[in-house]
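# Architecture and fold: a report
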Amino acid sequence: MVVFPSMMAPFVVGRRASILALEATLATSEKKIFLATQKDPKIDDPSMTEIHHIGVIASVVQNLKLPNQNVKVMVEGLTRAEITGWQEAEGYVTVNVREIDTKYPLTPEVSQYIQKLVEIFEQYAKMSHHLAFEGVMSTLKLDDPDRFADTLASHLLISTIEKQLLLETPSPYERLQKLQDFLEIEIEKINIDKRINSKVKKQMERAQKEYYLNEKIKAIHNELGRKDDRSDEIEELRQKIEEAGMPKETKEKALQELKRLEAMPGVSAEATVSRNYIEWLVSVPWKKQSKEIKDIELAEQILNEDHYGLEKIKDRILEFLAVRQLVKQPKGTILCFVGPPGVGKTSLAKSIARATGRKFVRLSLGGVRDEAEIRGHRRTYIGAFPGQIIQRMKKAGTVNPVFLLDEVDKMSMDFRGDPSAALLEVLDPEQNNAFTDHYLDVEYDLSKVMFIATANVVHTIPAPLKDRMEIIALSGYTHLEKLAIGRQFLIPKQKQEQGLDEAKIEFQDSGLEELIGSYTREAGVRNLEREVGSVLRKVARQVLVSGPEFAITIDNKKVRELLGKPKFRSQQIHDKAEIGLATGLAWTEVGGEILSTEVALSRGKGTLTLTGKLGDVMQESARAALSYVRSRAELFGLDPDFHSSLDIHIHVPEGAIPKDGPSAGITMATALLSSVTKIPVHRDVAMTGEITLRGKVLPVGGVKDKILAAARAGITRVILPADNERDLEEIPADVREKMEFHLVESMDEVMTVALDGTVVPLAAKEKLPEPEKTIEPPLTH
């Protein structure tokens, strides 16, 4: 504590040194003692350096010895003083001091200042509950600035350090300024405390009110025999968490979130977010899984029931089932079916789910450009949801469904992220056992899921994503396969859909062949099914008009009668062998096509014209073919400068359709060679292959689709690069038997097969004898 002059202060003396000093003081007539404050109150036996040197000379007014040997004293402060020297004797300290002069004249300015301080202190005293207002104000009716400052300082509830600072300030005017600062700070503190207390009180009142009303509602529900919905909901969620079979870390997070939910008011927005999160956690499957069909014969039977052909894919599925029987925990399988539209990629995935006894879920990725579609949004966003992967897993309800990622080649990207990059984790067997969705924010095991992706083309799939999938190509169906699919699947299905199960309808093979050849042009069977449905709808109308006894046989003539003129001109081989006309083979996204290539020569200056909407690569192939023919002109029986006086025009018909790629190289070279040597090209020969400047024939892709297109067009001989021999294994046996394949390595072999005649070198032509000239008789009129 700090004792000020003119201040009465009671305190208890307990230290041995202090009691001895007090006893020595009481033994004198003046009973004066010097009181100084310790710098650190925690020190029990301070030295003189640990005591403030400015204190107060006081007089002991009363003293009372207590039973515990302590002494209670009442002192009165007399004047400020500063220690100038000290000495220890008989266990206590005596000091030499210098009194500090604090007199200050009472000017009108000081008097006005004192009055202002009285008003501020009055405000402070009224706000503070620790001061007796009336008693304190009577002690401040003083005209002496020094006594007024000390009396006011003694009544302030400020710290010991601040009081010591006031004691050490000799000038009363400076003390009055400091007192004003202290008072204003204390008043502001009290105001802040009041505002805080008011807010806390209101919140407590609101919380007490809510608690009271909730308890009242509970009591009413109990009286009416109803249960408390809020408590029931919490208990129900807790039970679901226990039964969900979550991993330990996920379960701890769910219970922690439930604890937070329990502490929230039921109607708050945060409670809704928390409740939705817990509901998602418990609704996603964690341990429930479908019982797999392990009977390979049954699985094979199901696959054959649903699809005709596709032997390679069926074998892959049966291999997968065989491995499942031998290995208890095999890694997840990621297949990617690549093929033209309508060949049965999506329906095949459904059949796999049926054959394996798993649930089936499908996610269409066409046009998806937001990474959050795969991983979800973080819970901080309003209306956040998990990504489509977790949503589909919830829909499946098991941890091992067949998960179809449809149209994986048609994803795109923008400023919201790259969804194909987010799929890398999903489709990697080494990583997807700890897939993290942004919304759930816990690890989720996707390793038991059988992922199947579908795509029309491979080149648009990012390389890292393609690397994680086993690519299985589905080529177009042959004519016979389409016929069998139409007979076994499409006609019965469309009969049922058009309500003609009981009708007497005979759909002959000739009618189906007419639909396949003249009304559809596709690798798959989607348009074929549409045309079958169109025929049967027209029949359904006749059945409705004529009655249930109506019978009809649908052959090729009936198809034309019902559907009108054919939609497509059948791609057939040329009527005769022609000079400068060669048949090539092309691959498109909807299957193979035959592609005629025409070359026309005219007098000119050696200009090469390319038409037919050819791409850059195809134009380069045409230039390479011309350079090859020019470089071997003499071997082909041509003048080395034959091109300088000719304009060459290469045209590929159906000019509105863009064409590109190197595989038309040997076709253009053959047509060009035929045109300049005047030797026709066999009409029943089609070819594909890339040409080099040295006349080498390089391998190409899409061989199966190209050969099927050739078979549809009635071509019997096909020229292929020798390196494509391995692709012939994929050709159906019925097509292979009808066709003759010529595997070539150079253009010399191509000419031998393709041209309807022999190319005579220029040197050999010069050695040939000139034919005898015959004189014809003049014509008479």
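In what follows, the accompanying structure is described. (Residues numbered from 1 in each chain as written. Predicted model: local features only at pLDDT ≥ 70, side-chain atom pairs only at ≥ 80, totals over all residues. Heavy atoms only, no water.)

### Here's the deal with helix α12 (residues 345-356)
- Between the first and last C-alpha of α12 there are 17 Å, a value that for 12 residues agrees with the 16 Å anticipated at 1.5 Å per step.
- Those residues of α12 hidden inside the fold are in contact with α10 (296-306), α11 (311-326), β6 (334-338), β7 (360-364), β8 (402-406) and β11 (450-455).
- Gly 357, located one to two residues past α12, shows a positive phi value of around 75°. (Helix = DSSP H or I, 4+ residues; strand = E, 2+ residues; numbered from the N terminus. Expected span 1.5 Å × (residues − 1). Contact = heavy atoms within 4.5 Å.)

### Focus on the environment of Val 95
- In this fold, Val 95 is placed in strand β5 (residues 92-99).
- Each C-alpha atom, one on Val 95 and one on Thr 25, is 12 Å from the other, the two residues being 70 residues apart in sequence.
- When neighbours within four sequence positions are excluded, Val 95 is seen to be in contact with Phe 34, Met 48, Ile 83, Gly 85 and Trp 86.

### Some words on helix α15 (residues 419-426)
- Most of α15 is tucked away: six of the eight residues are buried.
- The secondary structure elements touched by the buried residues of α15 are α13 (372-375), α14 (388-396), β8, β9 (435-436), β11 and α16 (463-467). (Buried < 20%, exposed > 50% of the residue type's maximum accessible area, 1.4 Å probe, protein only.)

### Details of the layout of surface pockets
- Considering only enclosed or pocket space, the largest pocket measures out at about 1600 Å³ in volume.
- At six residues, the largest contribution of residues to the lining of the largest pocket is made by helix α1 (residues 16-26).
- Of the residues belonging to the lining of the largest pocket, the class tally is 30 nonpolar, 13 polar and six charged.
- Reported here for the second largest pocket is a volume of approximately 1000 Å³.
- Along its surface, the second largest pocket is lined by 37 residues, and Ala 473, Leu 474, Ser 475, Lys 704 and Glu 730 are the ones closest to its centre.
- When residues of the lining of the second largest pocket are traced back to their parent elements, those giving at least two are α11, β12 (470-473), β15 (581-588) and α23 (703-712). (1 Å grid on protein atoms, 1.4 Å probe; cavity = no way out; pocket = protein on both sides within 12 Å on 5 of 7 lines; lining within 4 Å. Points joined across faces, edges and corners; volume = space filled by probe spheres on them. Nonpolar A, V, L, I, M, F, W, Y, C, P; charged D, E, K, R; others polar.)

### Observations concerning the side chain of Arg 80
- Within the element layout of this structure, Arg 80 appears in strand β4 (residues 71-89).
- Look at Arg 80 and you get buried, because its relative accessible area is 2%.
- Within polar-contact distance, the side chain of Arg 80 engages the side chain of Asp 150 at 2.7 Å. (Polar contact = N/O pair within 3.5 Å; in protein donor to acceptor, adjacent residues only side chain to side chain.)

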